[in-house]
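Structure at a glance
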Amino acid sequence: SKVFQLVKLLREGISDGIATMRKDFPSSDFELLPSPSPIQAVVVPGNERCVSVCQSLTNNGKFDVYPIRSPTVPKGKERIRIILHSHNNADDIQALTE
């Protein structure tokens, strides 16, 4: 049916976004944690720095991002949770790695 075709296209778009992010992220100063899903995590040590980077991404972009701070995760392993969506294109994802 058309609904299943649309779902397949959306999944392919998200999969392409994940692949783009994984390919381009090594140029970043932050550590991208392994994840095959649209939910990605980037280590940004320090609660204040994590929140600051998260606020910057939220203000500048098209991303759902959330700070995950200590003590929820170990100190020094604070991270940003990034949720990729089908509307995120390659340029959006490239902007994350800059």
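Please read all numbers here as calculations on a predicted model, not as lab measurements.

Re the pairing of strand β4 (residues 79–83)
Counting buried residues along β4, four of its five residues qualify, which places the element largely inside the surrounding structure. Here strand β2 (residues 39–43) runs beside β4; their pairing, made up of five bridges, is antiparallel. Looking across to β4, one finds that V43 is bridged to R79.

Digging into the side chain of R79
Locating R79 in the fold gives a position in strand β4. No salt bridge is formed by the buried R79. Its closest oppositely charged neighbour is E31, at 7.6 Å. One polar contact links the side chain of R79 to the main-chain carbonyl oxygen of K77, over a distance of 3.1 Å. Not counting chain neighbours up to four residues away, the residues in contact with R79 comprise L33, A41, V42, V43, V44, C50, Y66, P67, I68 and V73.

Regarding the environment of P38
Its place among the elements puts P38 in the loop between β1 (31–32) and β2. Taking the C-alpha atoms as reference points, P38 and S86, separated by 48 residues in sequence, lie 9.5 Å from one another.

Observations regarding unusual backbone geometry
Following S70, the chain continues into P71 via a peptide bond in cis, with omega recorded as 15 degrees. Within the fold, P71 resides in the loop between β3 (64–68) and β4.

Thoughts on the pairing of β2
The buried count for β2 comes to four of five residues, which makes it a mostly enclosed element. With two bridges connecting them, β1 and β2 associate as antiparallel partners. Bridged to E31 within β2 is V43.

Quick notes on the nonpolar core
The biggest cluster of nonpolar side chains holds 12 residues, and these are L32, V42, V44, C50, C54, F63, V65, I80, I82, L84, I93 and L96. Taken together, the elements giving at least two residues each to this core come down to α2 (47–60), β4 and α3 (90–96). Filtering out sequence-adjacent residues up to four positions away, V65 remains in contact with C54, L57, T58, I80, R81 and I82.

Quick word on the sheet that holds β3
If you trace the four strands from one edge of the open sheet to the other, you get β1-β2-β4-β3, paired in antiparallel fashion. Of all the strands in the sheet, the pair left with one neighbour each is β1 and β3. Contacting β3 and β4, α2 crosses the sheet at an angle of about 170 degrees to β3.

Thresholds applied
For every chain, the first residue of its written sequence is number 1, and the numbers climb from 1 along that sequence. Reporting of local features is limited, given that this is a predicted model, to residues whose pLDDT is at least 70; pairs of side-chain atoms are given and counted only at 80 or more, and all residues count toward the totals for whole chains, interfaces and linings. Processing note: side-chain calculations cover all non-hydrogen atoms of the structure and skip hydrogens and water entirely. Partly exposed describes any residue whose relative accessible area lies between the buried limit of under 20% and the exposed limit of over 50%, with all areas from a 1.4 Å probe on protein chains only and scaled to the type maximum. Helix numbers and strand numbers start at the N terminus; a helix is a DSSP run of H or I with at least 4 residues, a strand a run of E with at least 2. When DSSP finds two or more bridges between two strands, those strands count as paired. His residues and chain termini do not enter the charge count, which takes Lys and Arg as positive and Asp and Glu as negative. Salt bridges are counted wherever a side-chain nitrogen of Lys or Arg sits within 4 Å of a carboxyl oxygen of Asp or Glu. Polar contacts, as counted here, are pairs of nitrogen or oxygen atoms within 3.5 Å of one another; within protein the pair requires one atom able to donate a hydrogen and one able to accept it, and residues that are adjacent in sequence qualify only if both atoms are side-chain atoms. Note on contacts: a residue pair qualifies if any of its non-hydrogen atoms lie within 4.5 Å across the two residues. Put simply, buried Ala, Val, Leu, Ile, Met, Phe, Trp, Tyr and Cys residues joined by side-chain atoms within 4.5 Å make one nonpolar core. For every element, the axis is a line fit to its C-alpha atoms; helices are fit only across the contacting stretch, and the angle between N-to-C directions ranges from 0 to 180 degrees.

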